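# Fold and contact review
In case you want the letters, here they are:
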Amino acid sequence: MPEVTIHIGGRPFSVACQEGEESYLHSAAKMLDDEAQVLAEQAGRMPEARMLLMAGLMLADKTASIEDRISEVQSELAEREAELEGLRTMGAPEPERIEVPVVPQAVTETLAELAARAEALAADVEEKSV
């Protein structure tokens, strides 16, 4: 079992850990040391046990806040997944029926007659003007 020396609040600590866990231990120690530095800047020198307790509580507070946010996001994700599943099971919507008005036959015939008369008049005018 490897033993690692970490520094928290400017003080060295020897800690044993599992093989391969050294980098995680160093990372955790850095977070604890960062909190201890904040305490040292705010409150000055304090007993080691109190500094570690306060730094640990500060990290626990941050962790609790993050866990709350994770729960909120997981709940939101579950809602979206349920909504998506509902949309998938709904199937394709029915095609929308659109009615196109039909021009009555009498109107079509009348327009054809008017067009023929207009063409005849245009031909007459053209013949007379020549």
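Anyway, here's the lowdown on the structure attached to this text. The shown structure was predicted, so the numbers you read here are calculated from the model rather than taken from an experiment.

### Details of the overall build of the protein chain
Helix and strand content of the protein chain: 3 helices and 2 strands. In sequence order, the secondary structure elements of the protein chain are arranged as β-β-α-α-α. At 42 Å, the protein chain has a C-alpha radius of gyration far larger than the 14 Å of a compact globule built from 130 residues. Considering only C-alpha atoms, the protein chain reaches an extent of 120 × 45 × 30 Å along its principal axes. Nonlocal contacts in the protein chain, meaning residues at least 24 apart in sequence, comprise 33% of its contacts between residues at least 6 apart. When the accessible surface of the protein chain is split by element, carbon and sulfur atoms take 58% of a total near 10,800 Å².

### Some thoughts on the side chain of Asp33
When you line up the elements, Asp33 lands in helix 1 (residues 22–43). This buried residue, Asp33, is left without a salt bridge; Lys30 holds the nearest opposite charge, at 6.3 Å. In this view, Asp33 contacts His7, Ile8, Gly9 and Gly10; residues no more than four positions away in its chain are not counted.

### Focus: the side chain of Glu35
Looking at where Glu35 falls in the secondary structure, it is placed in helix 1. The exposure class assigned to Glu35 is buried, which follows from its relative accessible area of 6%. Filtering out sequence-adjacent residues up to four positions away, Glu35 remains in contact with Ala55, Met58, Leu59 and Lys62.

### Quick notes on the pattern of salt bridges
Across all of its chains, the model carries 6 salt bridges by this definition. A salt bridge links Glu72 to Arg69, with the shortest nitrogen-to-oxygen separation between them at 3.1 Å. In this pair, Glu72 and Arg69 both sit in helix 2 (residues 48–90), 3 residues apart, roughly one turn of the helix.

### Regarding the nonpolar core
Ile6 and Ile8 are the most contacted members of the largest nonpolar core, which has 14 residues in total. Looking at this core, the elements with two or more residues in it are strand 1 (3–8), helix 1 and helix 2. Looking at which element gives the most residues to this core, the answer is helix 1, with 5 residues.

### Describing helix 2
A turn of α-helix holds 3.6 residues, and therefore any two residues three or four places apart point the same way. The end-to-end C-alpha distance of helix 2, which contains 43 residues, comes to 62 Å, matching closely the 63 Å that a straight helix rising 1.5 Å per residue would cover. Of the residues making up helix 2, those classed as buried are Met51, Ala55 and Leu59. Its buried side turned inward, helix 2 meets strand 1, strand 2 (11–16) and helix 1. Looking one or two residues beyond helix 2, the residue adopting positive phi is Gly91, at roughly 80°.

How each quantity is defined
Residues numbered from 1 in each chain as written. Predicted model: local features only at pLDDT ≥ 70, side-chain atom pairs only at ≥ 80, totals over all residues. Heavy atoms only, no water. Helix = DSSP H or I, 4+ residues; strand = E, 2+ residues; numbered from the N terminus. Rg over C-alpha atoms; globule rule 2.2 N^0.38 Å. Contact = heavy atoms within 4.5 Å. Areas by Shrake-Rupley, 256 points an atom, 1.4 Å probe, with all protein chains shown as cover. Buried < 20%, exposed > 50% of the residue type's maximum accessible area, 1.4 Å probe, protein only. Lys, Arg positive; Asp, Glu negative; His and termini not counted. Salt bridge = Lys/Arg side-chain N within 4 Å of Asp/Glu carboxyl O. Core = buried A, V, L, I, M, F, W, Y, C linked by side-chain atoms within 4.5 Å. Expected span 1.5 Å × (residues − 1).

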